[in-house]
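So you can see what is in the structure, the chains are spelled out below.
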Amino acid sequence: MPVFQTQNALQIELKKAQNQSKKIGFVPTMGALHMGHLSLLEESLSENEITVLSIFVNPTQFNNADDLNKYPRTLEKDVELVNKLNKNIFIYAPSVSDIYEGNTVSASFDYDGLEHQMEGKHRPGHFDGVGTIVKKLFEIVKPTNAYFGEKDFQQLQIVRKLVSKHKIPVNVIPCKIYRETSGLAMSSRNERLSEKARNESKLIHKILLEAKDKFRLKSAKKVSQFVVSEFNKHKNFTLEYFEIAEEETLLTCKRKIKNKNYRGFIAVFIENIRLIDNISLK
Ligand code: PAF
């Protein structure tokens, strides 16, 4: 499988496919690939003639230098894993300068308020960084279909908004959360957990399932109080937020409205590592 380090080299190859009107699927990642990423790749492979996988730890979406430094970088292992699939996948693993050309800053985006909720509140500038890189990558790859996991549900909605506001010709395809057998949502950050913490982190999904069950009869406020009280019992976790929000607007649910779809969103620290997850409350 070819690994392209520059956008020029990638685009020369992609041009051939574009000239033949081949469908290009795109899976953007920051590497440290896991089964969740592989499930996105599989979906792309089944729906497109060519799949491009980008591996790029994007500095402008990190609001915390320590988090950026510690983000796992395992390019060799990632390439090996993709090669084992033995499929037509182009890997694009650029340097920071290939992407940012000496100006490593974010553009600023207006996502109609989606950026002010949850992750946006707790990670200032994060979604400007995400918008900047996703827009650049879309311009480089020009995919027909792009695959985003629902684990980062807010990011998925932000990307949909970016695409519609900037009239980018790509279909954004949502992909279900891929979980470890314990229920823990797959994430590159799980790699940094000790075995003990990884095992304990199954609590996150367990509590989300309980919250879903309670939401059938109880108010959003009561369910949120339940989640807070559960995490208070487990001192090795620090709950950053639990929020029930409407899926389209991501506005906090104050009062349940019929026919609206809600999700429970959570961010929690264990061993100083920040994990996020969410669950549909339908
Ligand atoms: O979800 C991610 O891994 C990143 O936010 C993305 C979409 C690859 C942009 O850097």
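In the block above lies the structure referred to throughout.
Computed from a predicted structure; not experimentally measured.

Colleague: Run through empty space enclosed by the protein, naming residues and quoting values.
Modeller: One pass over the full model with this rule turns up two cavities of 30 Å³ or more. In this structure, the largest cavity occupies an estimated 830 Å³ of space. Forming the boundary of the largest cavity are 48 residues, of which Met30, His37, Lys151, Asp152 and Gln155 lie nearest the centre. Counting only elements with at least two residues in the lining of the largest cavity, the list comes to strand 2 (24–29), helix 2 (35–47), helix 6 (118–122), helix 7 (126–141), strand 5 (145–149), helix 8 (153–165), strand 8 (262–270) and strand 9 (273–280). The element best represented in the lining of the largest cavity is helix 7, accounting for six residues. Along the lines of polarity and charge, the residues of the lining of the largest cavity split into 23 nonpolar, 16 polar and nine charged. Along its surface, the second largest cavity is lined by Leu184, Ala185, Ser187, Asn190, Ile204, Leu275, Ile276 and Asp277. The residue makeup of the lining of the second largest cavity, split by class, is five nonpolar, two polar and one charged.

Colleague: Summarise the pairing of strand 3 (residues 50–55); cite the residues concerned and give the values.
Modeller: Counting buried positions over the six residues of strand 3 gives six, a clear majority of the element. The sheet contact formed by strand 2 and strand 3 spans six bridges and is parallel. The residue of strand 3 that forms the bridge with phenylalanine 26 is valine 52. Tracing the backbone out of strand 2, into helix 2 and back to the parallel element strand 3 gives a crossover that is right-handed.

Colleague: Go over the packing of aromatic side chains with me, naming the residues and quoting the values.
Modeller: In this description, an aromatic ring pair is defined by two values, namely the gap between the centres and the angle between the planes. All chains considered together, the criterion is met by nine aromatic pairs. Judged by centre distance (5.7 Å) and plane angle (15°), the rings of phenylalanine 109 and tyrosine 111 are stacked. What makes phenylalanine 109 buried here is its relative accessible area of 12%. Exposure remark for tyrosine 111: the relative accessible area of 1% places this residue in the buried category. Taken together, Phe26, Phe138 and Phe148 form an aromatic cluster joined through their ring pairs. In this arrangement the basic side chain of lysine 214 is found over the ring face of phenylalanine 226, its NZ or CZ atom lying 4.7 Å from the centre. The side chain of lysine 256 reaches across the aromatic face of phenylalanine 215, ending 4.2 Å from its centre.

Colleague: Could you give me a rundown of a positive patch on the surface, with the residues and numbers involved?
Modeller: A cluster of basic residues, Lys214, Lys218, Lys221 and Lys222, forms a positive patch at the surface. In this structure, lysine 218 sits in the loop between helix 10 (202–215) and helix 11 (220–232).

About the cut-offs
Residues numbered from 1 in each chain as written. Predicted model: local features only at pLDDT ≥ 70, side-chain atom pairs only at ≥ 80, totals over all residues. Heavy atoms only, no water. 1 Å grid on protein atoms, 1.4 Å probe; cavity = no way out; pocket = protein on both sides within 12 Å on 5 of 7 lines; lining within 4 Å. Points joined across faces, edges and corners; volume = space filled by probe spheres on them. Helix = DSSP H or I, 4+ residues; strand = E, 2+ residues; numbered from the N terminus. Nonpolar A, V, L, I, M, F, W, Y, C, P; charged D, E, K, R; others polar. Buried < 20%, exposed > 50% of the residue type's maximum accessible area, 1.4 Å probe, protein only. Pairing = 2+ DSSP bridges. Right-handed = clockwise from strand over helix to strand, strands pointing away. Phe/Tyr/Trp six-rings, centres within 6.5 Å; stacked < 30°, edge-to-face > 60°. Lys NZ or Arg CZ within 6 Å of the ring centre and 35° of its normal. Patch = residues over 30% accessible without salt bridge, like charges linked within 9 Å, V, L, I, M, F, W, Y side chains within 5 Å. Areas by Shrake-Rupley, 256 points an atom, 1.4 Å probe, with all protein chains shown as cover. Salt bridge = Lys/Arg side-chain N within 4 Å of Asp/Glu carboxyl O. Lys, Arg positive; Asp, Glu negative; His and termini not counted. Charge placed at Lys NZ, Arg CZ, Asp CG, Glu CD.

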